[in-house]
Amino acid sequence: MESYNSFNVTQQQVSEAARILKLDQATTELLLWPQREYKFVLPVRMDNGKVNVFHAYRIQHNYARGPAKGGIRFHPDETVDTIRALASWMTWKTAVVDLPLGGGKGGVCCDPKILSEYELESISRAYVRAVAHLIGIDKDVPAPDVYTNPQTMAWMMDEYETIMNRHHPGVMTDKPQQIGGTEGRRDATARGGVIAVREACRLHDVDPAGTFAIQGFGNAGQRAALLHQELLGGGRLVAVSDSRGALYNPDGFNVKDLVTHKLRTGTISDFPDAKSIKQSEVLALDVDVLYPAALENSITEDNANNVQARIVCELANGPTTPGADRVLHKKGVHVIPDILASAGGVTVSYFEMVQDSYSFFWTEESIHEHLDSKITKAYHTVQDSIKEKQVHPRLAAMLVGVARVAEACKLRGWV
Ligand code: NAD
């Protein structure tokens, strides 16, 4: 039985890359584990006057190449291992796109769907009070992730600046633009993925204006739907899912209407002119491009054989297990692995840090150009690694990332 513990999955990926790169035992051990882990509890007074205690984490996986960088999730199912895995993936992601950053991640075990705005603000501020000594533009820079957003970052930055008694906008990224955020951040993850799909379509002779499906219709999924059509000159979105259900329309959805419906009602359900299907069917449709944009471990050894897409662009972190990777590779599916496909967000976050440092902001056009050049370069670096080492795309991307981080550790004299 395959392991679906995401941290075990990342450790398998790192071990395999380390073995091929012939890294010594100490370097491998260093890269397998987070350098620092913080586990804490947040007592927060709720609207009903009672105190709830939330378990929370901030994990800095590796900071050899620069400050740790990675989002904060608010989700009821977070564990130390999911956060470790996400932090580790951030290390490889920032290295694959060659950013001067390391990898980190944080989380609070809570269910935002049942919390009021005031309770969310209280949790956000309590989180920062607990980690203020650990974060900063030159230490560790959080950002939003699942069920957190620019408003969360605004509260967190404000709490940090209150504690430090000075302006420090670069402590968080993906802030609202009015208080130090950047142009182009909201759609950056999806834009990076779609740019990678554009390159993959050229290389693999796939029609970019063909069909596509999206698993997970949140921030990344919605933006990917819109940008796929905008940047690739068309494309029919034929299936989509969210946590409550899945819909199919072989003629293609009107994407703008679907996004408006999701934002208005909180779900894709009840969208007109669509057939309701099982969530698992979205992964198994005969489409040109499939975007997994929900959570980890969606494509496993058990369902990978059903995947019929020509290209799988992993906007989600860790949607495919190692067993599934082998199956997809054997079937000839071109996977654009998460550490490359979803690197657009952290790339523009890095641009935000640079702009905050200078208090001078770039145009949206300039952000898009810099992002395109970073992702295109990273995509082709990974393709070169596939050819050179004769391995599947995820392993090729890991080889690029792990080699860069190992080199930084060595140069510092850590190993
Ligand atoms: P989000 O919370 O906005 O969206 C997640 C979506 O997935 C929601 O629509 C939810 O309903 C759906 N979902 C949950 N369980 C599902 C299931 N079983 N089947 C189908 N859909 C399901 O989060 P997001 O920011 O869009 O992030 C999605 C993924 O992309 C995560 O893995 C995240 O780590 C990754 N990611 C996001 C960013 C970013 O900038 N937003 C950057 C890098 C990676």
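Residues numbered from 1 in each chain as written. Predicted model: local features only at pLDDT ≥ 70, side-chain atom pairs only at ≥ 80, totals over all residues. Heavy atoms only, no water.

1. A few points about the sheet that holds strand β1 (residues 36-45)
Part 1: With mixed pairing, 5 strands are arranged side by side in an open sheet as β1-β2-β4-β3-β5. Looking along the sheet, the strands with just one partner apiece sit at the ends: β1 and β5 (140-144). Pairwise comparison of adjacent strand axes, ignoring direction, gives a mean angle of 20° for this sheet.
Part 2: Where β1 and strand β2 (residues 51-62) come together, 10 bridges link them in antiparallel fashion. Bridge assignment links R45 to a residue of β2, and that residue is V51. (Pairing = 2+ DSSP bridges. Helix = DSSP H or I, 4+ residues; strand = E, 2+ residues; numbered from the N terminus. Axes fitted to C-alpha atoms, helices over the stretch in contact; angles between N-to-C directions.)

2. Side note on the site of the ligand
Part 1: Looking at the ligand, there are 24 residues lining it, with T189, N219, A220, S243 and N317 nearest.
Part 2: A distance of 2.7 Å separates an oxygen atom of the ligand from a polar side-chain atom of N317.
Part 3: Contact with the protein chains hides 85% of the accessible area of the ligand, taken as 830 Å² for the molecule alone.
Part 4: For the shell around the ligand, the secondary structure elements donating two or more residues are α7 (219-232) and β7 (236-242).
Part 5: The residue makeup of the shell around the ligand, split by class, is 8 nonpolar, 10 polar and 6 charged.
Part 6: Residues from two domains meet in the shell around the ligand; each of domain 1 (34-178) and domain 2 (182-415) gives at least three. (Near = heavy atom within 4 Å. Polar contact = N/O pair within 3.5 Å; in protein donor to acceptor, adjacent residues only side chain to side chain. Areas by Shrake-Rupley, 256 points an atom, 1.4 Å probe, with all protein chains shown as cover. Nonpolar A, V, L, I, M, F, W, Y, C, P; charged D, E, K, R; others polar. Domains from an automatic or database assignment.)

3. Some details on the domain arrangement of the protein
The figure often quoted for interface size is the accessible area lost as the parts come together.
Part 1: Looking at the assigned domains, one finds that the protein contains domain 1 (34-178) and domain 2 (182-415).
Part 2: Domain 1 and domain 2 are separated by 23 Å when their C-alpha centres are compared.
Part 3: Of all residues in domain 1, W92, K93 and V96 bury the most surface against domain 2, accounting for 21% of the area lost on that side.
Part 4: Put simply, domain 1 and domain 2 have 5 salt bridges between them.
Part 5: Where D356 meets K175, a salt bridge forms, and the shortest distance between an N and an O atom there is 2.7 Å.
Part 6: Along the contact surface separating domain 1 from domain 2 lie 14 residue pairs in polar contact (both at pLDDT 80 or more).
Part 7: Among the elements of the structure, β3 (68-74), α3 (80-96) and β5 are those that each provide at least two residues to the side of domain 1 that touches domain 2.
Part 8: Looking at the side of domain 1 that touches domain 2, the element that brings in the most residues is α3, giving 10 residues.
Part 9: Its residues placed into classes, the side of domain 1 that touches domain 2 shows 19 nonpolar, 9 polar and 10 charged. (Buried area = accessible area lost by both parts, 1.4 Å probe. Salt bridge = Lys/Arg side-chain N within 4 Å of Asp/Glu carboxyl O.)

4. Things to note about the nonpolar core
Part 1: One finds W92, I214, Y291 and I336 to be the most contacted residues of the largest nonpolar core, which totals 77 residues.
Part 2: The element contributing the most residues to this core is helix α14 (residues 393-411), with 10 residues.
Part 3: Residues lining this core come from more than one domain, with at least three contributed by each of domain 1 (34-178) and domain 2 (182-415).
Part 4: When residues no more than four places from it in sequence are discounted, the contact partners of W92 are V14, L31, H61, I339, M398, G401, V402 and V405.
Part 5: Counting 27 residues, the second-largest nonpolar core is a separate cluster that includes M46, I72, M153 and V171. (Core = buried A, V, L, I, M, F, W, Y, C linked by side-chain atoms within 4.5 Å. Buried < 20%, exposed > 50% of the residue type's maximum accessible area, 1.4 Å probe, protein only. Contact = heavy atoms within 4.5 Å.)

5. Here we look at unusual backbone geometry
Part 1: With phi around 60°, D98 is a residue other than glycine that occupies positive phi space.
Part 2: Looking at the element boundaries, D98 is found in the loop between α3 and β4 (103-108).
Part 3: Accessibility expressed as a relative area gives 37% for D98, which makes it partly exposed.
Part 4: Its identity as a non-glycine residue notwithstanding, D270 has a phi of 70°, on the positive side.
Part 5: Mapped onto the elements of the fold, D270 is located in the loop between α8 (255-265) and β9 (275-277).
Part 6: Exposure remark for D270: the relative accessible area of 71% places this residue in the exposed category.

6. Here we look at the state of the cysteines
Part 1: Tallied over the entire structure, the rule returns 0 disulfides.
Part 2: Residue C109 stays outside any disulfide, its sulfur separated by 7.8 Å from that of C110, the closest cysteine.
Part 3: Its relative accessible area of 18% is what places C109 among the buried residues.
Part 4: C313 takes part in no disulfide bond, and the closest cysteine sulfur, belonging to C201, lies 9.8 Å away. (Disulfide = S-S within 2.5 Å.)

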